[in-house]
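Inside the fold
Next come the chains, spelled out residue by residue.
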Amino acid sequence: MASEAAVKLPIYMDNHATTRVDPRVLEAMLPYFSEIYGNAASRNHEFGWVAEQAVDKAREQVAKLIGATAKEIVLTSGATESNNLAIKGVAEMYREKGNHIITEVTEHKCVLDTCKRLEKHGYRITYLPVRTDGLIDLDQLKDAMTDETILVSIMAANNEIGILQPIREIGKLCHEKGVLFHTDAVQAAGKVPFNVIEDNVDLASVSAHKIYGPKGVGALYVRRRNPRVQLVAQMDGGGHERGMRSGTLNVPGIVGLGAACEVAQLDMGEESKRLFALRESLREQITSQLDEVYINGSMEHRLPGSINISFAYVEGESLLMGINDIAVSSGSACTSATLEPSYVLKALGAGDELAHSSIRFGLGRFNTQAEVDYVATKIVEVVRRLRELSPLYEMHKEGIDLSKVKWAAEPVNH
Ligand SMILES: *Cc1c(COP(=O)(O)O)cnc(C)c1O
């Protein structure tokens, strides 16, 4: 049995889905729920000015993390909105120039579904495939660009497999061709070096709750020089955020986003080293004790705290049930009532079975070595137990090539 002495259960290891608010962030936010409650758009009294100052400070903190200026930061309700605003906003603004957008098949749903909606409105979308390591092929990107291409949207870091795309090279290609480059930087900003100037990025989406800030607040970076990017607002109203996003600002949330960015910037160096060591320990413990496990995506181009592993010869649901004191995500997406294999893992070439028996481990700021040890021990224990019950694993051990076995169709009489 795995030792439970040192750790508190359940263990949270799903930091790609969301993160716990850092105490430093919470502390910064608290006054803005009570004493300092003004509307940042109120121009003629102290309450409004103080709120506006807090928002300005947060805007600076966000800008500083990504190498932008405060005026280039549009505050939003999160990265889903930022991605919608970036892609639809550019599509509408540059419609005269062209109707073609390039993205990739492993993007977050909010990018893919935004693109699908644009297809209904006459835009042409290219969904680039990825290689088995999860990266796009730059030559394919180059070939896909035409005179009609107005935008390329490729994420910096993937939320399911943690792989990092070569955004600097992508941005360079885009700029050579005069095409705007948007990146969903939710999983990258604050975790690995990300700089909109050095990385040749024109638009970038970030979200507070993926970097130990509150849920429901995010930002879109919109470049103002070389080139100056223009957007058609997708939310009409009072003209907040220089007309790009109307709506009363969520002051406590924005203060939290700013604080989260500042803490991330301060801690990134040490934190990424610590998370890398934890992740390597997890990988080492699992892969040294189990055979037939596969790591999804490049090991080289990867977020430090991220790993996604497929366990062959175990059934995904049984595996998850066996580790129900550990919060992780599986390679199955609950779409309505059915379990669909992850489209990201399938894009890397994983079969349905292997995709279903995959687990995403997302290590974060509050995970410890003791938790990693517990999780590794438990995973090994459960996978071994399930495989003992698996006739397929038995056959594999006996050296039977399962791909060559012809299964007899058995009549079902019950
Ligand atoms: C979480 C996430 C989003 C959505 O962000 P929200 O702020 O929750 O809307 C978009 N892209 C990626 C890569 C994410 O991980």
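As a reminder, the structure under discussion sits directly above these lines.
This write-up is about the structure you can find in this document.

So, how was this worked out
Residues numbered from 1 in each chain as written. Predicted model: local features only at pLDDT ≥ 70, side-chain atom pairs only at ≥ 80, totals over all residues. Heavy atoms only, no water. Helix = DSSP H or I, 4+ residues; strand = E, 2+ residues; numbered from the N terminus. Expected span 1.5 Å × (residues − 1). Buried < 20%, exposed > 50% of the residue type's maximum accessible area, 1.4 Å probe, protein only. Contact = heavy atoms within 4.5 Å. Core = buried A, V, L, I, M, F, W, Y, C linked by side-chain atoms within 4.5 Å. Domains from an automatic or database assignment. Near = heavy atom within 4 Å. Polar contact = N/O pair within 3.5 Å; in protein donor to acceptor, adjacent residues only side chain to side chain. Areas by Shrake-Rupley, 256 points an atom, 1.4 Å probe, with all protein chains shown as cover. Nonpolar A, V, L, I, M, F, W, Y, C, P; charged D, E, K, R; others polar. Pairing = 2+ DSSP bridges. Axes fitted to C-alpha atoms, helices over the stretch in contact; angles between N-to-C directions.

**Topic: helix α2 (residues 46-66)**
If you check α2, its first and last C-alpha atoms are 31 Å apart, about what 21 residues at 1.5 Å a residue would give, namely 30 Å. Taken residue by residue, α2 has G48, A51, A54, V55, A58, R59, Q61, V62, A63, L65 and I66 as its buried positions. As for α2, its buried residues are in contact with β2 (73-76), β7 (203-207), β8 (218-222) and α7 (251-289). One or two residues past the end of α2 sits G67, with phi positive at roughly 75°.

**Regarding unusual backbone geometry**
Cis rather than trans, the peptide bond between L9 and P10 has omega equal to -10°. Its location among the elements puts P10 in the segment before β1 (11-12). The omega torsion across N226 and P227 is -5°, close enough to zero to call that bond cis. Tracing the sequence through the fold places P227 in the loop between β8 and α7. Positive phi, close to 60°, is recorded for N200, a residue that is not glycine. Phi is positive for E241, close to 55°, though the residue is something other than glycine. Relative to the assigned elements, E241 resides in the loop between β8 and α7. The exposure class assigned to E241 is buried, which follows from its relative accessible area of 6%.

**Topic: the nonpolar core**
If you look at the biggest cluster of nonpolar residues, it comprises 64 residues, and the most contacted ones within it are I66, I73, L141, V152 and F194. Composition of this core by domain shows at least three residues from each of domain 1 (4-19 + 268-399) and domain 2 (23-264). If we ignore the near neighbours within four places in the chain, the residues touching I73 are R59, V62, A63, I66, A68, A219, L220, Y221, E241 and R242. Residues L278, I326, I359 and V380 belong to the second largest nonpolar core, which totals 29 residues.

**A word on the site of the ligand**
Taken together, 13 residues are adjacent to the ligand, and T80, D184, Q187, S207 and K210 come closest. Contacts to the ligand include A79, whose backbone N or O atom sits 2.9 Å from an oxygen atom. Contact distances for the ligand include 2.6 Å between an oxygen atom and a side-chain N or O atom of T80. Against a free-state accessible area of 380 Å², the protein chains account for coverage of 88% of the ligand. For the shell around the ligand, the class distribution of residues is 4 nonpolar, 7 polar and 2 charged.

**Remarks on the sheet that holds strand β9 (residues 293-295)**
Across the sheet, which stays open at both edges, the 4 strands sit in the order β9-β10-β15-β12 with antiparallel pairing between neighbours. Two strands close off the open sheet at either side, each with one partner strand: β9 and β12 (329-330). Relative to the sheet, α7 contacts β9, β10 (306-311) and β15 (358-362), its axis offset from that of β10 by approximately 15°.

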